[in-house]
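Overview (structure and organization)
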Amino acid sequence: MLKRTKPYVYACSFCLKNHQQIARLIAGPNRIYICNECVMHFVDSEMLPDHNQQLVCSFCGKQQQQIANIWSGEHGVNICSECLELCVDIIAASSSHNA
């Protein structure tokens, strides 16, 4: 007899919205995800991160000293300016393919 397992619900690691609540979800390593809404929020954000912390990007693993900026989510995940830029490119590419 086959066991029925619950399907894995993919969710943004920053805002916790699941894949059904958002337009685009970008995967990082170790089940880390960021949604298009959080990407745009960080891009538009004028809030600068605290440079006194020793943060590491959850996507590429670079330390805060190695990158221009890093943003922290409320749930223990971080994204650097380089990975954020890559996410913007991915969203733009997928939008142009869907147009």
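1. Examining the nonpolar core
Counting residues in hydrophobic clusters, the biggest one holds 25 residues, and the most contacted among them are Cys12, Phe14, Ile34, Cys38, Phe42, Phe59 and Ile79. Those elements that provide at least two residues to this core are β1 (25-27), β2 (33-35), α1 (36-44), β3 (70-72), β4 (78-80) and α2 (81-98). Among the elements that line this core, the one with the most residues is α2, at four residues. Filtering out sequence-adjacent residues up to four positions away, phenylalanine 42 remains in contact with Phe14, Ile34, Trp71, Ser72, Ile79 and Leu84.

2. With respect to unusual backbone geometry
Notably, leucine 16 is not glycine yet its phi reads approximately 70°, a positive angle. Checked against the element boundaries, leucine 16 lands in the segment before β1. With phi around 60°, arginine 31 is a residue other than glycine that occupies positive phi space. Mapped onto the elements, arginine 31 comes out in the loop between β1 and β2. Take arginine 31: its relative accessible area is 55%, and that puts it in the exposed class.

Here is what the cut-offs are and how they apply
Going along each chain's sequence as written, the residues are numbered from 1 onward. Local features in this predicted model are restricted to residues of pLDDT 70 or higher, and side-chain atom pairs are both shown and tallied only at a pLDDT of 80 or more, whereas totals for entire chains, interfaces and linings draw on every residue. Side-chain descriptors were evaluated using all non-hydrogen atoms of the structure, hydrogens and water having been removed beforehand. Here, the term nonpolar core denotes a set of buried Ala, Val, Leu, Ile, Met, Phe, Trp, Tyr and Cys residues that are joined through side-chain atoms within 4.5 Å. Any residue under 20% of the maximum accessible area for its type is buried, any over 50% is exposed, and the rest in between are partly exposed; the area is computed with a 1.4 Å probe on protein chains only. Only runs of H or I of at least four residues qualify as helices and only runs of E of at least two qualify as strands under DSSP, and these elements are numbered from the N terminus. Contacts: residue pairs with any heavy atoms within 4.5 Å of one another.

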